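Examining the three-dimensional arrangement
Residue-level listing of the chains:
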Amino acid sequence: MKIVQYPHPALRHPCKPLSAIDKDVHLHAGRMLELMVEAQGLGLAAPQVALPYQMFVLNFPALKAEAEPKEPPGPECVFINPVILEKKGGTVEGEEGCLSFPGLYQKVRRAKTVVVQAYNLKGEAVEVTASDLASRLWQHEVDHLHGILFIDKMGPIARLASRSALKDFERDFRRAQERGEIPPDDVLKKEFPPL
Ligand SMILES: [Zn+2]
């Protein structure tokens, strides 16, 4: 398992809800937590590791204040079949990045507060109210599960400022395909049909 980068079609492929939480799901969740920590990310969604189902991990320990002890993120940071129930408090603009776009940070407008429902790895429903950075994270990761990326949420200025970085990602992706490190488009399109 590894993190795929834009423009990998897995990032645009809508994810199915999980109907059972089996051993594979536990294994995938554990590996996703490790990858997120290695990459020093705040969140990682299943399509970012080319898994087409609705699950993501959030790095809650990284959100803690400097002085607080930081345990590695555990099973409590895994969320399955999440739904945003409510957005409130207006919107706020803040800087956002994504592990599938390394080095690209731009301002994105998001709801200040969200009420979210998801299942944990034990299959229990959890409801969370998150604000500010945590709210931004939830919205960013839920978007991933529907094939929506933060570049889609940028305003016109951020979009313009990202253009050359996106071209570079696209060029690097083609080169990796030419080297045979990533399968060709026709193979990828069969595996990850777009929306
Ligand atoms: Zn992301």
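Up top you'll find the structure we're talking about.
To start, this report covers the structure provided alongside it. (Residues numbered from 1 in each chain as written. Predicted model: local features only at pLDDT ≥ 70, side-chain atom pairs only at ≥ 80, totals over all residues. Heavy atoms only, no water.)

1. Some thoughts on the pairing of strand β2 (residues 55-58)
Basically, it comes down to this: Here the term buried applies to any residue with accessible area under 20% of the maximum for its type, exposed to any over 50%, and partly exposed to those in between, with areas from a 1.4 Å probe on protein chains only. Here a strand is any run of E in DSSP of at least two residues, a helix any run of H or I of at least four, and the numbering for each starts at the N terminus. Criterion used throughout: strands pair if DSSP finds at least two bridges between them.
Alternating residues of β2 divide into Met 55 and Val 57 and Phe 56 and Leu 58, and every residue in both groups is buried. Bridging between β2 and strand β3 (residues 78-96) involves three bridges; their strand directions are antiparallel. Its bridge partner being in β3, Val 57 is matched across the sheet by Val 78.

2. Notes on the pattern of salt bridges
Side-chain pairs of opposite charge can arise where the charged atoms are in close proximity. We count it as follows: Salt bridges are counted wherever a side-chain nitrogen of Lys or Arg sits within 4 Å of a carboxyl oxygen of Asp or Glu.
According to the stated counting rule, one finds 12 salt bridges in the structure shown. With its nearest N and O atoms 3.5 Å apart, the salt bridge here joins Lys 153 to Asp 143. Placement of the pair is Lys 153 in the loop between α3 (132-145) and α4 (156-178) and Asp 143 in helix α3, with a sequence separation of 10 residues. Note on Lys 153: relative accessible area 33%, which makes it partly exposed. The salt bridge involving Arg 171 is made with Asp 168; its shortest N-O contact spans 3.5 Å. Placement of both Arg 171 and Asp 168 in helix α4 is noted, with a separation of three residues, approximately one turn of the helix. Using a relative accessible area of 35% as the deciding quantity, one classes Asp 168 as partly exposed. Overlapping salt bridges bring together Glu 96, Arg 110, Arg 136, Asp 143 and Lys 153 as one network.

3. Looking at the sheet that holds strand β4 (residues 106-119)
Rules: For helices, the fitted line uses only the C-alpha atoms of the stretch in contact; every axis is such a line through C-alpha atoms, and the angle between N-to-C directions lies from 0 to 180 degrees. Whether two residues are in contact is decided by their heavy atoms: any pair within 4.5 Å suffices.
Within the open sheet, the five strands sit side by side as β1-β2-β3-β4-β5. Their pairing is antiparallel. Looking along the sheet, the strands with just one partner apiece sit at the ends: β1 (43-45) and β5 (125-131). Each neighbouring strand pair of the sheet contributes to a mean axis angle of 30 degrees, computed without reference to strand direction. Pairing of β3 with β4 involves 12 bridges; the strand directions are antiparallel. The partner of Gly 94 across the bridge, within β4, is Val 108. Lying on the sheet, helix α1 (residues 23-38) is in contact with β1, β2 and β3; it crosses β2 at an angle near 40 degrees. In this fold α3 packs onto β1, β2, β3, β4 and β5, with an angle of close to 80 degrees to the strand it touches most, β4.

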